[in-house]
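So the chains spell out like this:
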Amino acid sequence: MQHFMGNRMNQASDSPRVVSLTQRLDPASERVGELFNAVRTIASRRLQQTIGNMFEQVDDALFDLAEKAENNAAQMHYFDGMRDVRKRRPAVERSFLATISRDFGEMARAPVQPPLGTQLPTGNVELSLVAESELEESLAITSMIGKNESRLGRDLFAVNQRLSVICGGHKIEDANNPVAPANLTRAFRQALHELSADMRVKLIIYKLFDRYVLSVLEELYREINAELVRAGVLPQLRHEALRSDGTRAGTDGQPAPASDAVGDIPSDLLQTLHALFSARRGSVADNSNAGPGGTGTGGGMPGSPMPSANELLGALSVLQSQIVSAGPLLYARAGDTANISNEVMHLKEQLLSQIGALRGERSSHVSTIDEDTIDLVGMLFEFILEDRNLPAQMQVLLARLQIPYLKAAIIDRKMFAHRQHPARRLLDGLAEQAKGWSEESDRDHRLHDKVKTIVEQLLHDFDDDMEIFDRLLADLQQFQEINRRRSELAEQRVAESSRGREKLEQARRRAAREIIDRIGGRKLPPLLHGVLARAWANHLVLTLLRQGEESAEFRGALHFIDDFIASSRPAKDPESRQLLRKMLPGIERSLRLGLANVAFQEQDIDRLLAQLQTYYRQQLGEKVDDAALAEIAAVTSDAAILAIPDSIEPIVAHDTGTGGDTGMDEPAAVPMDTPEWHQVQALQPGTWLEFCLADEPMTRAKLSWISPMSGRYLFVNRRGLKVADYEPQELAVLLARGQATILASNALFDRAMSAIVDRLSQPDPPPDTGTA
């Protein structure tokens, strides 16, 4: 380990207070005890503060989700989680801090052993088949650990080295360091067993743990390092952390050759791919001109050594600079796909020729593992150019990333196996944004330009510093978050508007049904029929919307209809006339209140009541002025009764929903046992579809909302603006006709890896003999 210190080691060891890496302190000494206790105290204090800060946010997060819940059951779910967290928070905090303290004790007593307890998957461990809730938890944990281990590598490496010294030279590494991200997450996972909340609530808490605890660990590591440096423990230590592929960076900052490190990758996926490449390579051993999916590497000079990783990266950098020197990327067009596809197909032979040119040879050959990597990246970008989920313009932009991603794969092959790898997450994120792109929804080119900018930054700036992917991923995520908030607000407005229209339509149908059912076969005088069919119907609608069908107000409005209809019966005997006289004050009072509720003017209400008074005097057999009778006789429609406010619409028979024209063409019938019908029934909000309708430009839209009342499917574009809404039957017809296509919801990288394995598993086509 002396190369860590270089020539400074001898200088450092001259001081009695400086401890070099070659020294081992006695773990039982008083000084070691003081240093160890100091580290434990720093960790305990900071973690107690950060875990407390985290729990302060849990209540607000769950409350916000409860407010946005789609139904009462979901809302109660979050409220129950809030109560559980409030009740059990002290126990969770105690368990978490106690586990960390116990791990420190175990490290001091037996530092060669990793901390006890359930082992968590680290960033490079494949997930096994587990229960769905456990899989969600494992994915969340893997994401947190992988992201933070990569980000904190330098500071954590220094902590491990200095703790190794004060622990008597026993090697301390991430696996047995109590404050490493994986062990802190393990301790927190164990502490969450105190909660009875289900996994949905726990996943929210994990996100907050990542944000408020793991994301500030560098402050803890720097304080520990500063404390140990003040105590003279490795004050001149150079932070030389392991690369994420398991190789150690050399003094020139370059990675070791890729073939030296591949054995360290515990990935079933890569092993499967290597086996498939080997099988295909054996079946086409005589083919020396294989394309990106093949195995031919050209003929290098006999006995010449394989190119190192540095040579591969250097040759790729030359090719990358040629793309940059060609000028900035222009606005991508669908017609550019053929040209970029040709470039993707021939990158391998260009790379081999470039390596040969750098060596002064005809061409070159590479190791099997490097050839597999080149072929795998080539097939990844071939898939991108064929992926129906991506618009052609976005395919052209993303295909420009082939060289940067081949360089990234050579530096760190776990990019293919680790879902949380920053380079992989960046490409997945770009593809997810691109999926919803269309020229119509991106008239200001904001999304197109963001994708183009990220592509250009990788082409211009990426040499071998993998942190660029973290920076660009953070930039993309910030862009996504800003646009997500904008689109969510627009979506909420669209959904609320649709919900309001459907509630209004439902209320209008209910009001019409109540009135028509009560009228039955009776033929009411035009004066009374007009009041019920228009003014009172709209009063019913407003009462339903404001007070609800169970309210006393709604029951009273229905009672008025019965009385109003009954008041039209002829009063031919004293008993019936007496009954009518008793009804009239209530009718007048209810009518005055109801008409005022739907914004009729006072003078118009008085005019109507005067007409009704004339009508009822006639019913009672009283003498009526001829002019008043003539005015009532002139009433042939409700429009002649009184001035109607613009907001009032007439209620007609087909509003009951029992018949009549719906204003829509009936869609062609699709049986309910067809694949298209089942696809529609399985659609979930958030799913993207592509619509190609006659005489309309292609558009992409996201399913935003399914009406619980009408069952209609509401679609919006990436800005949250309404594109269309369909009945389930209509949508099934579009799918059956090929006018609508459901886009995949899983990540681009996952789709590509699955397609590549399938492609490699297929038997090779027969060789082309050149005959017709």
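Conventions adopted
Residues numbered from 1 in each chain as written. Predicted model: local features only at pLDDT ≥ 70, side-chain atom pairs only at ≥ 80, totals over all residues. Heavy atoms only, no water. Helix = DSSP H or I, 4+ residues; strand = E, 2+ residues; numbered from the N terminus. Contact = heavy atoms within 4.5 Å. Areas by Shrake-Rupley, 256 points an atom, 1.4 Å probe, with all protein chains shown as cover. pLDDT = per-residue confidence, 0-100. Core = buried A, V, L, I, M, F, W, Y, C linked by side-chain atoms within 4.5 Å. Buried < 20%, exposed > 50% of the residue type's maximum accessible area, 1.4 Å probe, protein only. Pairing = 2+ DSSP bridges. Salt bridge = Lys/Arg side-chain N within 4 Å of Asp/Glu carboxyl O. Axes fitted to C-alpha atoms, helices over the stretch in contact; angles between N-to-C directions. Left-handed = near helix turned anticlockwise from the far one by under 90°. Nonpolar A, V, L, I, M, F, W, Y, C, P; charged D, E, K, R; others polar. Phe/Tyr/Trp six-rings, centres within 6.5 Å; stacked < 30°, edge-to-face > 60°. Parallel < 35°, antiparallel > 145°, perpendicular 65-115°, else oblique. Polar contact = N/O pair within 3.5 Å; in protein donor to acceptor, adjacent residues only side chain to side chain. Expected span 1.5 Å × (residues − 1).

Some words on the overall build of the chain
No. 1: When helices and strands are tallied, the chain shows 27 helices and five strands.
No. 2: Taking the contacts inside the chain whose residues are at least 6 apart along the sequence as the reference set, 75% of them involve residues at least 24 apart.
No. 3: Entry remark: accessible area of the chain is about 37,700 Å², with carbon and sulfur atoms responsible for 50%.

Section: the confidence of the model for the chain
Low pLDDT marks regions whose predicted coordinates should not be analysed in detail.
No. 1: Here the chain averages 79 in pLDDT, while 76% of its residues score no lower than 70.
No. 2: Throughout residues 1-24 the model reports pLDDT below 50, and contacts reaching past four residues in sequence, or to other chains, amount to 43 contacts.

Here we look at the nonpolar core
No. 1: Of all hydrophobic cores here, the largest spans 69 residues; its most connected members are Leu351, Leu401, Tyr405, Leu426, Leu458 and Phe469.
No. 2: Per element, the largest residue contribution to this core is nine residues, and it comes from helix α14 (residues 368-386).
No. 3: Setting aside residues no more than four positions away along its own chain, Leu458 makes contact with Gln320, Leu401, Pro404, Tyr405, Leu426, Ile468, Phe469 and Leu472.
No. 4: In this structure, Val39, Ala66, Met107 and Leu208 belong to the second largest nonpolar core, which totals 62 residues.

As for the pairing of strand β3 (residues 713-716)
No. 1: Judged by which residues are buried, β3 turns out to be covered on both faces: Tyr713 and Phe715 on one side and Leu714 and Val716 on the other are all buried.
No. 2: Strand direction decides the pairing type here: strand β2 (residues 699-706) and β3, joined by four bridges, are antiparallel. Counterpart to Lys702 in the pairing with β3 is Val716.
No. 3: In sequence, β2 turns back onto β3 through a hairpin of six residues, with Gly711 there showing a positive phi of about 80°.
No. 4: Between β3 and strand β4 (residues 722-726), which follow one another and run antiparallel, lie five residues, and Gly720 among them has a positive phi close to 85°.

Brief notes about unusual backbone geometry
No. 1: Backbone geometry places Ala599, a non-glycine residue, at a positive phi of 75°.
No. 2: Given a relative accessible area of 45%, Ala599 falls into the partly exposed group.
No. 3: Despite not being glycine, Asp695 shows a phi value in the positive range, around 65°.
No. 4: Asp695 gets classed as exposed once you look at its relative accessible area, which sits at 82%.

Regarding the pattern of salt bridges
No. 1: Across all of its chains, the model carries 52 salt bridges by this definition.
No. 2: Note that Glu505 and Arg508 form a salt bridge whose closest N and O atoms lie 3.9 Å from each other. Taken as a pair, Glu505 and Arg508 lie in helix α19 (residues 467-519) at a separation of three residues, close to a single helical turn.
No. 3: Linking Glu730 and Arg712 is a salt bridge whose minimum nitrogen-to-oxygen distance equals 3.9 Å. On the criterion of sequence distance, the pair formed by Glu730 in helix α26 (residues 728-737) and Arg712 in the loop between β2 and β3 is long-range, its members being 18 residues apart. There is no split in this pair, since Glu730 and Arg712 are both buried.
No. 4: One continuous salt-bridge network, built from bridges that share partners, spans Arg510, Glu514, Arg518, Glu549 and Asp562.

Things to note about the sheet that holds strand β1 (residues 688-691)
The strands making up a sheet associate through backbone hydrogen bonding, with each pair oriented either parallel or antiparallel.
No. 1: Taking strand neighbours across the sheet as the criterion, the five strands line up as β4-β3-β2-β1-β5 in an open arrangement whose pairing is antiparallel. Each edge of the open sheet is held by one strand with a lone partner, namely β4 and β5 (740-742). Shown here is a sheet whose adjacent strand axes are inclined to one another by a mean of 35°, direction ignored.
No. 2: Looking at chain direction, β1 and β5 are connected through three bridges and run antiparallel. Pairing of Glu690 across the sheet is with Thr741, part of β5.
No. 3: Against the sheet, α19 makes contact with β2, β3 and β4, and its axis sits at roughly 55° relative to β2, the strand it touches most.

Looking at the packing of helix α6 (residues 181-191) against helix α7 (residues 199-212)
No. 1: It is at 12 Å that the axes of α6 and α7 come closest, and there the two elements cross at 145°. Where α6 crosses over α7, the handedness of that crossing is right-handed. Of α7, the residues touching α6 (which contributes Leu184, Thr185, Phe188 and Arg189) are Ile205, Tyr206 and Phe209.
No. 2: Partitioning the contact of α6 with α7 into residue classes produces five nonpolar, one polar and one charged.

Focus on the packing of aromatic side chains
Ring pairs (aromatic) are described by centroid distance and by the angle formed between their planes.
No. 1: According to the stated counting rule, one finds 16 aromatic pairs in the structure shown.
No. 2: Plain terms: the ring middles of Phe36 and Phe104 are 6.0 Å apart, the flat faces sit at 85° to each other, and that makes the pair edge-to-face. One end of the pair, Phe36, is in helix α2 (residues 30-68); the other, Phe104, is in helix α3 (residues 72-109), and 68 residues separate them in sequence.
No. 3: Accessibility expressed as a relative area gives 7% for Phe36, which makes it buried.
No. 4: Overall, Phe104 belongs to the buried group, its relative accessible area being 1%.
No. 5: An angle of 10° between the planes, with centres 4.1 Å apart, marks the rings of Phe188 and Phe209 as stacked. Taken as a pair, Phe188 in helix α6 and Phe209 in helix α7 lie far apart in primary sequence, 21 residues in all.
No. 6: Residue class for Phe188 comes out buried when judged on its relative accessible area of 0%.
No. 7: Taken together, Phe96, Phe188, Tyr206 and Phe209 form an aromatic cluster joined through their ring pairs.

Observations concerning the packing of helix α11 (residues 309-325) against helix α18 (residues 446-461)
No. 1: Closest axis-to-axis distance for the α11/α18 pair is 9 Å, and the angle between their directions is 130°. Viewed along their axes, α11 and α18 adopt a mutual orientation that is oblique. Crossing handedness for the pair α11 and α18: left-handed. The residues of α18 that touch α11, namely those facing Gln320, Ile323 and Val324, are Leu458, Leu459 and His460.

Regarding the pairing of β1
No. 1: Side chains Trp688 and Glu690 project from β1 onto one buried face, and the interleaved Leu689 and Phe691 project onto a second face that is buried too.
No. 2: The pairing of β1 with β2 spans four bridges and is classified as antiparallel. Across the sheet, Leu689 pairs through a bridge with Ala701, a residue of β2.

Topic: the side chain of Asp370
No. 1: Within the secondary structure layout, Asp370 lies in helix α14.
No. 2: Here Asp370 falls in the buried class, since its relative accessible area comes to 3%.
No. 3: Here Arg413 takes part through its side chain, which lies 2.6 Å from a polar atom of the side chain of Asp370.

A few points about α7
No. 1: Taking 1.5 Å per residue as the helical rise, α7 with its 14 residues ought to reach 20 Å, and the 20 Å between its terminal C-alpha atoms agrees with that figure.
No. 2: Counted residue by residue, α7 has 10 buried out of 14 residues, so it is predominantly covered.
No. 3: Residues of α7 that are buried: Met199, Val201, Lys202, Leu203, Ile204, Ile205, Tyr206, Leu208, Phe209 and Asp210.
No. 4: The N-cap residue of α7 is Asp198: its side-chain oxygen and the backbone nitrogen of Arg200 are 3.2 Å apart.

Quick notes on the environment of Leu152
No. 1: Looking at where Leu152 falls in the secondary structure, it is placed in the loop between α4 (132-151) and α5 (153-166).
No. 2: Overall, Leu152 belongs to the buried group, its relative accessible area being 2%.
No. 3: Sequence-wise, Leu152 and Ser215 are 63 residues apart; in three dimensions their C-alpha atoms are separated by 9.3 Å.
No. 4: Once residues lying within four places of it in the same chain are set aside, the contact partners of Leu152 are Pro181, Leu214, Leu217, Glu218 and Tyr221.

Some points on the environment of Lys503
No. 1: Summarising the element assignment, Lys503 is placed in helix α19.
No. 2: For Lys503, a relative accessible area of 42% corresponds to the partly exposed category.
No. 3: With 42 residues separating them in the primary sequence, Lys503 and Leu545 have C-alpha atoms 7.4 Å apart.
No. 4: When residues no more than four places from it in sequence are discounted, the contact partners of Lys503 are Leu545 and Met709.

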